[in-house]
Amino acid sequence: DAMVIQNPRYQVTQFGKPVTLSCSQTLNHNVMYWYQQKSSQAPKLLFHYYDKDFNNEADTPDNFQSRRPNTSFCFLDIRSPGLGDAAMYLCATSGGGGGTDTQYFGPGTRLTVL
Amino acid sequence: AQSVTQLDSHVSVSEGTPVLLRCNYSSSYSPSLFWYVQHPNKGLQLLLKYTSAATLVKGINGFEAEFKKSETSFHLTKPSAHMSDAAEYFCVVSLNLFGNEKLTFGTGTRLTIIP
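Our subject in this report is the structure included herewith. These figures come from a predicted structure and were not determined experimentally.

Each value, and the rule that gives it
Residues numbered from 1 in each chain as written. Chains lettered and ligands numbered in written order. Predicted model: local features only at pLDDT ≥ 70, side-chain atom pairs only at ≥ 80, totals over all residues. Heavy atoms only, no water. Helix = DSSP H or I, 4+ residues; strand = E, 2+ residues; numbered from the N terminus. Buried < 20%, exposed > 50% of the residue type's maximum accessible area, 1.4 Å probe, protein only. Contact = heavy atoms within 4.5 Å. Lys, Arg positive; Asp, Glu negative; His and termini not counted. Charge placed at Lys NZ, Arg CZ, Asp CG, Glu CD. Rg over C-alpha atoms; globule rule 2.2 N^0.38 Å. Areas by Shrake-Rupley, 256 points an atom, 1.4 Å probe, with all protein chains shown as cover. Pairing = 2+ DSSP bridges. Axes fitted to C-alpha atoms, helices over the stretch in contact; angles between N-to-C directions. Buried area = accessible area lost by both parts, 1.4 Å probe. Salt bridge = Lys/Arg side-chain N within 4 Å of Asp/Glu carboxyl O. Polar contact = N/O pair within 3.5 Å; in protein donor to acceptor, adjacent residues only side chain to side chain.

Regarding the overall build of chain B
Working step 1: Scanning chain B for helices and strands turns up 0 helices and 12 strands.
Working step 2: Ordered by position in the sequence, the α and β elements of chain B form the string β-β-β-β-β-β-β-β-β-β-β-β.
Working step 3: Along the first, second and third principal axes, the C-alpha atoms of chain B reach 45 × 30 × 20 Å.
Working step 4: When each of the 115 residues of chain B is scored for burial, the buried share is 44%.
Working step 5: When contacts within chain B are restricted to residue pairs at least 6 apart in sequence, long-range pairs at least 24 apart make up 56% of them.
Working step 6: A gap of 5 Å separates the mean positions of the 9 positive and 8 negative side-chain charges of chain B.

Examining the overall build of chain A
Working step 1: For chain A, the helix and strand inventory stands at 0 helices and 11 strands.
Working step 2: Of the regular secondary structure in chain A, the N- to C-terminal order runs β-β-β-β-β-β-β-β-β-β-β.
Working step 3: Here the C-alpha atoms of chain A give a radius of gyration of 13 Å, agreeing with the 13 Å that 2.2 N^0.38 yields for 114 residues.
Working step 4: Seen through its C-alpha atoms, chain A measures out along the principal axes to roughly 40 × 30 × 30 Å.
Working step 5: Burial analysis of chain A (114 residues in total) assigns 49% to the buried set.
Working step 6: In chain A, once contacts between residues fewer than 6 apart in sequence are set aside, the share between residues at least 24 apart is 55%.
Working step 7: Counting only carbon and sulfur atoms, one obtains 49% of the accessible surface of chain A, whose full area is about 5,300 Å².

So, the pairing of strand β5 (residues 44–50) of chain A
Residues and elements named next belong to chain A.
Working step 1: The element β5 is largely enclosed, with a buried count of 5 among its 7 residues.
Working step 2: Judged from the 6 bridges that link them, strand β4 (residues 31–37) and β5 form a sheet pairing that is antiparallel. Each bridged residue has a counterpart across the sheet, and for Met32 the counterpart in β5 is Tyr49.
Working step 3: A loop of 6 residues connects β4 with β5, the two strands running antiparallel in sequence, and Ser40 in this loop sits at a positive phi of about 60°.
Working step 4: Examined bridge by bridge, β5 and strand β6 (residues 53–56) share 4 bridges and lie antiparallel to one another. Paired with Phe47 across the bridge in β6 is Asn56.

Describing the sheet that holds strand β1 (residues 4–7) of chain A
All names here are of chain A.
Working step 1: Spatial strand order, β1-β3-β8-β7: 4 strands in an open sheet with antiparallel pairing. Unpaired on one side and paired on the other, β1 and β7 (64–67) mark the two borders of the sheet. Direction aside, neighbouring strands of the sheet carry axes that sit 20° apart on average.

A few points about the interface of chain A and chain B
Working step 1: Each partner contributes to the interface: chain A provides 28 residues, whereas chain B provides 22 residues.
Working step 2: Both sides together, the interface formed by chain A and chain B hides about 1,900 Å², and carbon and sulfur atoms give 51% of it.
Working step 3: At the surface where chain A touches chain B, the tally comes to 0 salt bridges.
Working step 4: For the interface between chain A and chain B, the tally reads 6 residue pairs in polar contact (both at pLDDT 80 or more).
Working step 5: Of all the secondary structure elements, the ones that give two or more residues to the side of chain A that touches chain B are β4, β5 and β9 (87–94) of chain A.
Working step 6: Top contributing element to the side of chain A that touches chain B by residue count: β4(A), with 4 residues.

Everything listed here is a matter of coordinates, which is why it stays silent on function.
Structure, rendered in structure tokens:
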């Protein structure tokens, strides 16, 4: 089945230790998104890629970076995680063909910062 | 500008009784509207979407929603609740910018099903 896959599902890191979260998709979608979701809150968009074009939300901290080496993969790098970065990180994709497009979400990676 | 207001942060219903989750929206454009469900420690699953076609939208798992422009509402309903419906529900409005969908989420409604 075509889908959005996130690895790992659970990630534990130490304060200040860089961490990378992975997302892959078999939908061949042009657009990939990263969201941060803290406990009992709605998802918050961090950034997205339209093909190779990177679009950063204005309030996304510089501590968060992203890479998209090809259509299928997208990575979220947190350079120096703080305690406040503990959250669920959700990857999503959409076709990007214009009109009304649905975003398809992966299962998420829950990040714990010790 | 666009926004979504979910009128109830928590809803509790007994198993077998109807479910109503309320959502009001604001949008400068003709909106696309979605309902997503999130089970604990899981990603978001699309329940249904409205895209300016039929105003009554049927989704998965027996859910449906009605788009009412005059009331700027998009309430989610289900005739008979099941234990597996217990989850967080998000009403979402979409703005399409140059082919990129930017979603604005409501704050969510936690649905509890009483056995």
